[in-house]
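A look at the structure
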Amino acid sequence: MEHSRYRGRFAPSPTGPLHFGSLVTALASWLEARASNGVWLVRVEDLDPLREPPDATAQILHSLEAHGLLSDEPVCFQSRRHSAYQHAIEQLLKNGKAYRCACSRKQLQANNGRHPAHCRDNLPIPDGTAYAIRFALSDENCHWQDLLLGPQNQRVLAELDDPVIRRKEGFYAYQLAVVVDDINQGITDIVRGSDLLNMTAQQQQVFQALGAEPPRWLHIPVILNEQGQKLSKQNLAPALDDSQPSVNLVQALSSLGQKPPATLAYARVEDVLEWALAHWQRQAIPLTSQQARGITLGTQTHSDY
Ligand code: GLU
């Protein structure tokens, strides 16, 4: 069937430059796509201008290019997709799968996560009151299969977990945009960090509510810094040094449990990627961040000598 050709993607939020942890994710998704003779796409999830330094998108795209990771189709920018998100919201509202909510976080907390204004009943909201739009989850014991982590079991709680899909300030939210675009781009396989694992069952419900089949998922361990925190822009993970892409790629491969020869760090980027693809072993990816960390620290010590 033509439409079942593998289509994967890397979808960074441009809240800062690419760091080592995001390179590991990008590389894993690229290798999975290439190993399946598939298409690999880059999507910039620039939904929140208040959290995006103006040059972050250009830096990310430049870094990916320096590491030989090029989107097979034009890069998709979520900042240009607002009408698609609005359209999806209207459809969800019409089908009773979304609702308006003016509750503050404080009010919800004080009410054990229930909506004091019974927002799910779609009562009218007074004029001039700012409101968010939330997705109406269904109670569910969701079982699904992660291609690396195996069987998953996630509990989804209606009302208590209902994610915001358009914020009070008018910004479209990740939980909606990611699914609308995965559907629009025909993504068959999502490879991403396990920090997003607990979003998956909810996202499957959003796929279904929008009339689409959820893709396959593979969650790789997030990379930790020396303090044991996730490498992220929030805790100031250093930007990748784009002047040594082969060194970075070889380290990323090690974090993914692959066994690149040390001399590969001196090879051209294309050769590193070619080696990586020829030797790619999904089963070797560590299952936990602790395991990945052990490998990374081991490699660093080794190459520092
Ligand atoms: N934009 C999200 C992030 O940078 C990733 C979205 C996804 O892969 O589902 O964390």
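Given the structure is predicted, the values throughout are model-derived calculations rather than measurements. (Residues numbered from 1 in each chain as written. Predicted model: local features only at pLDDT ≥ 70, side-chain atom pairs only at ≥ 80, totals over all residues. Heavy atoms only, no water.)

On to the packing of helix H7 (residues 245-255) against helix H8 (residues 269-279). Where H7 meets H8, the axes come as close as 9 Å, and the angle between the chain directions of the two elements is 15 degrees. When the interaxial angle is binned, H7 and H8 end up roughly parallel. Both H7 and H8 take part in a crossing whose hand is right-handed. Here Pro245, Ser246, Leu249, Val250 and Leu253 of H7 lie close against H8, whose contacting residues are Val269, Val272, Leu273, Trp275 and Ala276. (Axes fitted to C-alpha atoms, helices over the stretch in contact; angles between N-to-C directions. Helix = DSSP H or I, 4+ residues; strand = E, 2+ residues; numbered from the N terminus. Parallel < 35°, antiparallel > 145°, perpendicular 65-115°, else oblique. Left-handed = near helix turned anticlockwise from the far one by under 90°. Contact = heavy atoms within 4.5 Å.)

Before going further, it helps to spend a moment on the sheet that holds strand S5 (residues 132-135). Across the sheet, which stays open at both edges, the 3 strands sit in the order S4-S5-S8 with antiparallel pairing between neighbours. In this open sheet, the two strands that pair with only one neighbour each are strand S4 (98-101) and strand S8 (164-166). Strand-to-strand twist in this sheet, taken as the mean axis angle between neighbours without regard to direction, amounts to 45 degrees. The sheet contact formed by S4 and S5 spans 4 bridges and is antiparallel. Residue pairing across strands places tyrosine 99 opposite arginine 134, the latter belonging to S5. (Pairing = 2+ DSSP bridges.)

Attention now moves to the site of the ligand. Every residue lining the ligand is accounted for by Arg9, Ala11, Pro12, Ser13, Glu45, Tyr174, Val178, Arg192 and Leu196. Serine 13 is positioned such that a nitrogen or oxygen atom in its side chain is 2.8 Å from a nitrogen atom of the ligand. Across the shell around the ligand, the residue classes break down as 5 nonpolar, 1 polar and 3 charged. (Near = heavy atom within 4 Å. Polar contact = N/O pair within 3.5 Å; in protein donor to acceptor, adjacent residues only side chain to side chain. Nonpolar A, V, L, I, M, F, W, Y, C, P; charged D, E, K, R; others polar.)

Judged by nonpolar contacts, the single largest core of 40 residues is most densely connected at Leu27, Trp40, Leu64, Leu69, Ile220 and Leu256. For this core, the elements supplying multiple residues, two or more each, are helix H1 (20-35), strand S2 (39-44), helix H2 (56-66), strand S10 (216-220), H7 and H8. A per-element tally of this core places H1 first, with 9 residues. Residues within four places of leucine 64 in sequence aside, it is in contact with Phe10, Leu18, Ala26, Val42 and Leu69. Counting 32 residues, the second-largest nonpolar core is a separate cluster that includes Leu41, Trp144, Leu197 and Phe207. (Core = buried A, V, L, I, M, F, W, Y, C linked by side-chain atoms within 4.5 Å. Buried < 20%, exposed > 50% of the residue type's maximum accessible area, 1.4 Å probe, protein only.)

As a further point, take the environment of leucine 149. Tracing the backbone shows leucine 149 in the loop between strand S6 (140-146) and strand S7 (150-156). On the accessibility criterion, leucine 149 (26% relative accessible area) is partly exposed. The spatial distance from the C-alpha of leucine 149 to the C-alpha of glutamine 91 is 34 Å, given a sequence separation of 58 residues.

Looking now at the pattern of salt bridges. According to the stated counting rule, one finds 15 salt bridges in the structure shown. The salt bridge involving aspartate 182 is made with arginine 9; its shortest N-O contact spans 3.0 Å. Placement of the pair is aspartate 182 in helix H5 (residues 174-184) and arginine 9 in strand S1 (residues 7-10), with a sequence separation of 173 residues. A relative accessible area of 2% means that aspartate 182 is categorised as buried. When the shortest N-O distance is used, the salt bridge between arginine 43 and aspartate 182 registers 3.0 Å. Taken together, the residues span a long stretch of sequence, with arginine 43 in strand S2 and aspartate 182 in helix H5 at a distance of 139 residues. What you see here is one network of salt bridges that share partners, running through Arg9, Arg43, Glu45, Arg81, Asp181 and Asp182. (Salt bridge = Lys/Arg side-chain N within 4 Å of Asp/Glu carboxyl O.)

The sheet built from 3 strands is open, its strands ordered S1-S2-S3 with parallel pairing. Only two strands of the sheet have a single partner each, and these edge strands are S1 and strand S3 (76-77). Looking at chain direction, S2 and S3 are connected through 2 bridges and run parallel. Its bridge partner lying in S3, arginine 43 is registered against cysteine 76. Helix-sheet contacts for H5 involve S1, S2 and S3, and the interaxial angle to S2 is about 145 degrees.

Turning our eyes to something else, we now look at the pairing of S5. Of the two faces of S5, the one lined by Ala132 and Arg134 and the one lined by Ile133 and Phe135 are each fully buried. Looking at chain direction, S5 and S8 are connected through 2 bridges and run antiparallel. Bridged to arginine 134 within S8 is valine 164.

These values are about where atoms sit, not about what they do.
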